[in-house]
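Results of the structural survey
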Amino acid sequence: MGLTISSAKKLNSGVEIPVLGLGVWQTAPGKATQDAVKFALKVGYRHIDTARIYGNEEDVGRGVKDSGVPREQVFVTTKLWNSDHGYDSAIAACEKSLRRLGLGYIDLYLIHWPVPELREETWKALVELRRRGSCKSIGVSNYTVRHLKELLDSSEVVPDVDQVEFNPFLYQKDLLGFCESKRIQLEAYSPLTRGTKLKHPVVVEIARRYSKSSAQVMIRWGLQHGLVVIPKSSKPERIKENSEVFGFEISQADMSKLDSLSEDLRTGWDPSDEP
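Residues numbered from 1 in each chain as written. Predicted model: local features only at pLDDT ≥ 70, side-chain atom pairs only at ≥ 80, totals over all residues. Heavy atoms only, no water.

1. Looking at the pattern of salt bridges
In plain terms, the rule: When a carboxyl oxygen of Asp or Glu is within 4 Å of a side-chain nitrogen of Lys or Arg, the pair counts as a salt bridge. Helix numbering and strand numbering both begin at the N terminus, where a helix is a DSSP run of H or I of at least 4 residues and a strand a DSSP run of E of at least 2.
All told, the structure shown has 20 salt bridges when counted by the stated rule. When the shortest N-O distance is used, the salt bridge between Arg-119 and Glu-150 registers 2.6 Å. Taken together, the residues span a long stretch of sequence, with Arg-119 in helix H4 (residues 119–132) and Glu-150 in helix H5 (residues 145–154) at a distance of 31 residues. We note a salt bridge from Arg-209 to Asp-254, for which the minimum N-O separation is 2.7 Å. With Arg-209 in helix H7 (residues 201–209) and Asp-254 in helix H10 (residues 252–259), this pair connects stretches of sequence that are 45 residues apart. Here the salt bridges do not stand alone but share partners, grouping Glu-205, Arg-209, Asp-254 and Lys-257 into one network.

2. Overview of unusual backbone geometry
Formally: Relative accessibility thresholds used throughout: buried, under 20% of the residue-type maximum; exposed, over 50%; partly exposed, between the two (1.4 Å probe, protein chains only).
The phi angle at Gln-26 is positive, at roughly 65°, despite the residue not being glycine. At Ser-211, a residue that is not glycine, the phi angle is positive and equals roughly 55°. Position of Ser-211 among the secondary structure elements: in the loop between H7 and helix H8 (214–224). Of the residues examined, Ser-211 reaches a relative accessible area of 66% and is grouped as exposed.

3. So, empty space enclosed by the protein
Over the atoms rolls a probe the size of a water molecule, and in doing so it shows where empty space is left. The following threshold applies: A pocket here means an open set of points on a 1 Å grid, computed over the protein atoms alone, that has protein on both sides within 12 Å along at least five of seven lines. A cavity is instead a set of points where a 1.4 Å probe fits but cannot get out; residues with an atom within 4 Å of a point line either one. Grid points are joined across faces, edges and corners, and a volume is the space filled by probe spheres set on the points.
Counting across every chain of the model gives 1 cavity of 30 Å³ or more. As for the largest cavity, its lining consists of Arg-119, Glu-120, Trp-123, Lys-124, Tyr-143, His-147, Glu-150, Leu-151, Ser-154 and Ser-155. Breaking the lining of the largest cavity down by element, the ones donating at least two residues are H4 and H5.

4. Thoughts on the packing of H8 against H10
Between two packed helices, what matters for the description is the angle formed by their axes and the separation of those axes. Threshold: Lines fitted to C-alpha atoms define the axes here, with helix axes fitted over just the stretch in contact, and angles between the N-to-C directions of these axes take values from 0 to 180 degrees. With respect to orientation, any angle under 35 degrees is reported as roughly parallel, any angle over 145 as roughly antiparallel, any angle of 65 to 115 as roughly perpendicular, and every other angle as oblique. Contacts are assigned to residue pairs with any non-hydrogen atoms lying within 4.5 Å of each other. For this scheme, ten residues count as nonpolar: Ala, Val, Leu, Ile, Met, Phe, Trp, Tyr, Cys and Pro. Four count as charged, namely Asp, Glu, Lys and Arg, and the remainder, Gly too, count as polar.
Their axes nearest at 11 Å, the elements H8 and H10 cross at an angle of 105°. Comparing the axis directions of H8 and H10 gives the class roughly perpendicular. Along its contact with H8, which presents Val-217, Trp-221 and Gln-224, the element H10 presents Met-255, Leu-258 and Asp-259. When grouped by side-chain class, the residues that make up the contact of H8 with H10 number 4 nonpolar, 1 polar and 1 charged.

5. Looking at the packing of helix H1 (residues 31–42) against helix H9 (residues 236–243)
The test is simple: Handedness of a crossing follows from how the near helix is turned relative to the far one, being left-handed for an anticlockwise turn of less than a right angle and right-handed for a clockwise one.
Interaxial distance between H1 and H9 falls to 10 Å at its minimum, and their mutual angle equals 35°. For the pair H1 and H9, the sense of crossing is right-handed. Facing H1, whose interface residues are Ala-36, Phe-39 and Ala-40, H9 presents Pro-236, Ile-239 and Lys-240. Of the residues contributing to the contact of H1 with H9, the split by class is 5 nonpolar, no polar and 1 charged.

6. Some points on the environment of Met-255
Along the polypeptide, Met-255 turns up in helix H10. Taking C-alpha positions, Met-255 is 11 Å from Val-202, a pair spaced 53 residues apart along the chain. Apart from residues no more than four positions distant in its own chain, Met-255 is found in contact with Trp-221, Gln-224, His-225 and Ile-250.

7. Considerations on the sheet that holds strand E5 (residues 75–80)
This is how it is decided: We treat two strands as partners when DSSP finds at least two bridges between them.
Read from one edge of the open sheet, 8 strands run E3-E4-E5-E6-E7-E8-E9-E10, paired in parallel fashion. Every other strand in the sheet has two partners, leaving strand E3 (22–23) and strand E10 (228–229) as the edge strands with one partner each. As defined by bridge partners, strand E4 (residues 47–49) adjoins E5 across 3 bridges and the pair is classed as parallel. The residue bridging Ile-48 from the neighbouring strand is Val-76, located in E5.

8. Here we look at the pairing of E5
For clarity, the threshold we go by: Handedness rule for crossovers: strands pointing away from the viewer, path from the first strand over the helix to the second running clockwise, crossover right-handed.
With 6 of 6 residues buried, E5 is to be regarded as a mostly interior element. Handedness of the crossover joining E4 and E5 through helix H2 (residues 57–67) is recorded here as right-handed. In this structure, E5 lies alongside strand E6 (residues 106–111), joined through 4 bridges in parallel fashion. Within E6, the residue paired with Thr-77 across the bridge is Leu-108. Where the polypeptide runs from E5 across helix H3 (residues 87–101) and back to E6, its parallel neighbour, the crossover connection is right-handed.

9. Re the nonpolar core
Definition in use: Throughout this description, the term nonpolar core refers to a set of buried Ala, Val, Leu, Ile, Met, Phe, Trp, Tyr and Cys residues connected via side-chain atoms within 4.5 Å.
Core analysis: the biggest nonpolar cluster contains 72 residues, and Tyr-109 and Phe-166 have the highest contact counts within it. Those residues in contact with Phe-166, other than ones at most four positions away along the chain, are Tyr-171, Gln-172, Leu-176, Leu-186, Ala-188, Tyr-189, Ser-190, Pro-191, Trp-221 and Leu-227. Counting 8 residues, the second largest nonpolar core, distinct from the first, contains Leu-11, Val-15, Leu-108 and Leu-110.

So far we have only geometry, and geometry alone does not tell us how the molecule works.
Next up, the structure:
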């Protein structure tokens, strides 16, 4: 059976993560975030991704509550910010995020960035938070293969997810292969290159062939590589368009063409040099 908007992947923890999510990075706190969340849930999304540093956790929680969709049907991710690393700090930061969200528990709690020296203690805190039930699953973000190996060498608990920048112009094939070998679900943020490559001739040509937009092709590419994909938008028409990626399949030939576009393009942070 093909992918649908209801499709989900089973994580190491046994929790299921919907393959498509709404990112709310840079979505203004207040009504803008609440409305984006409510509209996304209305058109079928069941996965919302926020972070402490985005400043809109409270509005994500409000949007979920006001949507009418039962809490247990919505998968909510938030993240621990760099200044909250360390065991006690991480425990306290998660509890604060829980209070701001007001949703009872967090479905996925991520270390936002591999902060040097403190990340091992921070991971121990996340393991404890999962044990307590504060979060159902735990993972990392912006971790390279090197950071993941370090974590796996120091802990028996494998991260459920690694959320990284990933798109046809940043096709992190080695990272994807490593995560697959360890059953770590790779999740793609900035799957649309923050709009910088939507007019690339190869993407436009392939999109035309499927009667789809460039954005839809790039999201579909990620899904066909087995990723969870979280495009960000606050505009209803874009949120809807980004969800309409399940009625077609990109051919292997066209997937290869998209794969070949990789140029190590980073539109956000580059964790490669993080010690």
